[in-house]
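# What the coordinates show
Chain residues, written in single-letter form:
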Amino acid sequence: MTIPSADPSRTRIGWIGTGVMGAAMCSHLLKAGYTCTVFNRTRQKAEGLLAAGARWADSPKEVAERSDIVFTIVGYPQDVREVILGPQGVLQGLAPGGIVVDMTTNEPKLAIEIHEAARSKDCHALDAPVSGGDVGAREGRLSIMIGGHPEVVEAVMPCFHLMGKTIVHHGGPGAGQHAKMTNQILIASTMVGVCEGLLYAYRAGLDLNKVIESVASGAAGSWSISNLGPRIIQNRFEPGFYVEHLIKDLGIAIQEAKRMGLVLPGLALAEQLYLAVAACGHARSGTHALQIALARISNIDWLNRPPTWASTSTE
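What this report covers is the structure whose coordinates are included nearby. (Residues numbered from 1 in each chain as written. Predicted model: local features only at pLDDT ≥ 70, side-chain atom pairs only at ≥ 80, totals over all residues. Heavy atoms only, no water.)

All right, on to the overall build of the protein chain then. Across its full length, the protein chain holds 15 helices and nine strands. For 315 residues, the compact-globule estimate of 2.2 N^0.38 gives 20 Å, and the protein chain sits close to it at 21 Å. For the protein chain, with 315 residues in total, the buried portion stands at 52%. In the protein chain, of all internal contacts separated by at least 6 residues, the share reaching a separation of at least 24 is 67%. A total accessible area of about 14300 Å² is found for the protein chain, and carbon and sulfur atoms account for 53% of it. (Helix = DSSP H or I, 4+ residues; strand = E, 2+ residues; numbered from the N terminus. Rg over C-alpha atoms; globule rule 2.2 N^0.38 Å. Buried < 20%, exposed > 50% of the residue type's maximum accessible area, 1.4 Å probe, protein only. Contact = heavy atoms within 4.5 Å. Areas by Shrake-Rupley, 256 points an atom, 1.4 Å probe, with all protein chains shown as cover.)

Before going further, it helps to spend a moment on the packing of aromatic side chains. The final tally for this structure, using the stated rule, is three aromatic pairs. Aromatic pair Trp15 and Phe71: ring centres 5.1 Å apart, planes at 25°, arrangement stacked. A residue pair is termed long-range when its members are at least 10 positions apart, and Trp15 in strand E1 (residues 12-16) and Phe71 in strand E4 (residues 69-72) qualify at 56 residues. Just as Trp15 is buried, Phe71 falls in that class too. Look at Tyr202 and Trp302: their rings are 5.4 Å apart centre to centre, the planes differ by 70°, and that puts the pair in the edge-to-face class. Of this pair, Tyr202 sits in helix H9 (residues 175-203) while Trp302 sits in the segment after helix H15 (290-297), and the two are 100 residues apart along the sequence. In this structure Tyr202 comes out as buried when scored by relative accessible area, which is 2%. By relative accessible area, Trp302 is classed as buried at 1%. The ring of Tyr242 carries the charged tip of Arg284 above its face, separated from the ring centre by 3.8 Å. (Phe/Tyr/Trp six-rings, centres within 6.5 Å; stacked < 30°, edge-to-face > 60°. Lys NZ or Arg CZ within 6 Å of the ring centre and 35° of its normal.)

Using the criterion set out here, one finds 13 salt bridges in the structure. For Glu47, the salt bridge identified is with Arg43, shortest N-O distance 3.6 Å. Judged by its relative accessible area of 39%, Glu47 is partly exposed. Residue class for Arg43 comes out partly exposed when judged on its relative accessible area of 41%. A salt bridge links Glu62 to Arg66; its shortest N-O distance comes to 2.2 Å. Residue Arg66 is classed as partly exposed on the basis of its relative accessible area, which comes to 31%. When salt bridges with common partners are traced through the structure, they connect Asp134, Arg138 and Arg231 into a single cluster. (Salt bridge = Lys/Arg side-chain N within 4 Å of Asp/Glu carboxyl O.)

On to a nonpolar patch on the surface. On the surface, Met260, Leu262 and Leu264 cluster together to form a nonpolar patch covering roughly 260 Å² of accessible area. Looking at the element boundaries, Leu262 is found in the loop between helix H13 (243-259) and helix H14 (265-282). A residue is classified by how much of its surface remains accessible, and Leu262, at 43% relative accessible area, is partly exposed. (Patch = residues over 30% accessible without salt bridge, like charges linked within 9 Å, V, L, I, M, F, W, Y side chains within 5 Å.)

Let us look at empty space enclosed by the protein. Under the criterion given, the structure shown has one cavity of 30 Å³ or more. Surrounding the largest cavity, Asp102, Asn106, Ala111, Ile114, His115, Ala125, Leu126, Asp127, Gly147 and Pro173 form its lining. Taken together, the elements giving at least two residues each to the lining of the largest cavity come down to helix H6 (108-120) and strand E6 (124-127). When its residues are assigned to classes, the lining of the largest cavity shows five nonpolar, three polar and two charged. (1 Å grid on protein atoms, 1.4 Å probe; cavity = no way out; pocket = protein on both sides within 12 Å on 5 of 7 lines; lining within 4 Å. Points joined across faces, edges and corners; volume = space filled by probe spheres on them. Nonpolar A, V, L, I, M, F, W, Y, C, P; charged D, E, K, R; others polar.)

Right, let's talk about the nonpolar core for a bit. Within the largest apolar cluster, 57 residues are counted, with the highest numbers of intra-cluster contacts made by Trp15, Met25, Phe71, Val101, Met103 and Phe160. The leading source of residues in this core is helix H8 (residues 150-163), at eight residues. For Val101, the contacting residues outside a window of four places in its chain are Ile69, Val70, Phe71, Thr72, Leu126, Ala128, Val156 and Phe160. (Core = buried A, V, L, I, M, F, W, Y, C linked by side-chain atoms within 4.5 Å.)

The complete set of buried residues in helix H4 (residues 77-85) reads Pro77, Asp79, Val80, Val83 and Ile84. For H4, the angular spread of the buried residues around the axis is 155°, confining them to a single face. Opposite the buried face of H4, at more than 90 degrees from it, the exposed residues are Gln78 and Glu82. (Arc of directions from axis to C-beta.)

Here Asn106 shows up in the loop between strand E5 (99-102) and H6. For Asn106, a relative accessible area of 0% gives the class buried. For Asn106, the side chain forms a polar contact with the side chain of Asp102, separated by 3.3 Å. (Polar contact = N/O pair within 3.5 Å; in protein donor to acceptor, adjacent residues only side chain to side chain.)

Rendered as structure tokens:
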């Protein structure tokens, strides 16, 4: 199977999903000279791309009719199913030889189903979820985890290089989604530690910025403490990645773990804590809003806390 590599001079790109991540990711393809046709349920969220030269389509099917490679990054598995497999979906409009690349964090079994459906129409499919948040999307340095046939991966690689810095092919259909589940398990558990650590430091009366300076370069360092720790201190809980989407991802991971006979109590705890964040009214906040829920358990109003906390410990 020989598939021509993507090239701005001949490859037409379709993009479905222009939210926090998708708009920034598609913008890199536009800047590189690709012709892009876009669709989003809310057209307003695509206005920036349209102003930059993208073309609008009224349905995923119409996007596919005008494209050689279609990328999707939407919210939930049911959204993926609708935009790719639905009656007005990508596979209703994609010509034989076309490629659909789902970059949504999605169920591995649905990725396999999409691959089989694409193959039945003489098309190709990849699952390629990403990590790196809004900052990574804007700066074109996402980690991209790919499942699918090597020849198809190689054909799309020029596009992946415009969006990411770490690009790994993990295996056949669904393998990219399994890699992303691993990522989400790590992120959720790490965020519990980040938030509890900052909560402890605050209650102990420490300068939180100095705490991050001390720990970020040592064994406790992580992307989360370096990038989201300062946002937590500043009460900036705007989403780089929505709490409600992480809850969805953790649910998929728990489902897959059960299927594989795994016992992952830390994952189960993280899911429960993030359900508490949503119950506090922060489902559409960033994942670091976990701090608000954990602080509330200790009767601390994090959003309205005093600048410092005088330690009451005595010797």
